[in-house]
Structure formats: C-alpha cells, structure tokens
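Structural description and commentary
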Amino acid sequence: VIHFVEVKASTYYPGTAYTPELRVDRRKRSKLKRLCEAYLLDISAPQKQPWQIDVISVIFSDDGEINELNHIENAVFEVQY
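This section reports on the structure supplied with the text.

Cut-offs used in this document
Residues numbered from 1 in each chain as written. Predicted model: local features only at pLDDT ≥ 70, side-chain atom pairs only at ≥ 80, totals over all residues. Heavy atoms only, no water. Helix = DSSP H or I, 4+ residues; strand = E, 2+ residues; numbered from the N terminus. Contact = heavy atoms within 4.5 Å. Areas by Shrake-Rupley, 256 points an atom, 1.4 Å probe, with all protein chains shown as cover. Lys, Arg positive; Asp, Glu negative; His and termini not counted. Charge placed at Lys NZ, Arg CZ, Asp CG, Glu CD. Buried < 20%, exposed > 50% of the residue type's maximum accessible area, 1.4 Å probe, protein only. Salt bridge = Lys/Arg side-chain N within 4 Å of Asp/Glu carboxyl O. Polar contact = N/O pair within 3.5 Å; in protein donor to acceptor, adjacent residues only side chain to side chain. Phe/Tyr/Trp six-rings, centres within 6.5 Å; stacked < 30°, edge-to-face > 60°.

1. Some details on the overall build of the protein
When its secondary structure is counted, the protein shows one helix and three strands. Reading the secondary structure of the protein in the N-to-C direction produces β-α-β-β. Sequence separation of at least 24 residues holds for 55% of the intrachain contacts in the protein that already meet a minimum separation of 6. Of the roughly 5,900 Å² that the protein leaves accessible, carbon and sulfur atoms contribute 51%. One way to put it: in the protein the 10 positive side-chain charges average out to a point 12 Å from where the 12 negative ones average out.

Listed below in structure tokens is the structure:
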C-alpha cells in the first residue's frame, strides 16, 4: 500500500473543539486525490496498486511542545484504493 500523508498542525486552543485535521475539508480532499492519482500515473504504478491518504494531526502547546499527535489512516476514502 502506498501511503500519502497530509500533515496539519496548530497551537492548542483550550475550550475549543478545533483540531488541525478539520482543515482537510472537501476541497482539500479533492485536491489530494487528484495529486495522488497524477503521481501514480507519473511513476507508472500498476492499475490495481493499493493506496490511501492518511492525515497526521499535530497540536502544539504554547511552549512549542507536542500536546497531541493523531494519525488518521485512510482519512479521505471509505475504502482503500
């Protein structure tokens, strides 16, 4: 499986439900899919090559330390392609 990884980071905001992965919206997912498909064509990957797009979400504390790190596998598709 080829894993494409989108990394999103932000500073921790207490009292909010805002997380960096929320910035991977419908428009961003569409762009990521097209980019990955173009890359697979460029490297002449086999037609049935499995691939997925993961998202890494990093939340930093005010002092720059990692407060939270999440790896969301296959974040863009319901099924692996």
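2. Observations regarding the side chain of Asp54
By secondary structure assignment, the location of Asp54 is in strand β2 (residues 51-60). Of the side chains with opposite charge, Arg29 lies nearest to the buried Asp54, which makes no salt bridge, at 13 Å. At 2.8 Å, the side chain of Asp54 forms a polar contact with the backbone nitrogen of Asn74. The contact partners of Asp54, leaving out residues within four places of it in the chain, are His3, Phe4, Val5, Glu6, His71, Ile72, Glu73, Asn74 and Ala75.

3. Here we look at the packing of aromatic side chains
Going through the model one piece at a time under the given rule, you end up with two aromatic pairs. Ring geometry for Phe4 versus Tyr39: centroids 5.9 Å apart, planes at 85°, classification edge-to-face. With Phe4 in strand β1 (residues 2-11) and Tyr39 in helix α1 (residues 26-42), this pair connects stretches of sequence that are 35 residues apart. Overall, Phe4 belongs to the buried group, its relative accessible area being 16%. You can call Tyr39 partly exposed: its relative accessible area is 41%. Ring centres 5.8 Å apart and planes at 90° place the aromatic pair Phe4 and Trp51 in the edge-to-face group. In this pair, Phe4 is assigned in strand β1 and Trp51 in strand β2, connecting sequence segments 47 residues apart.

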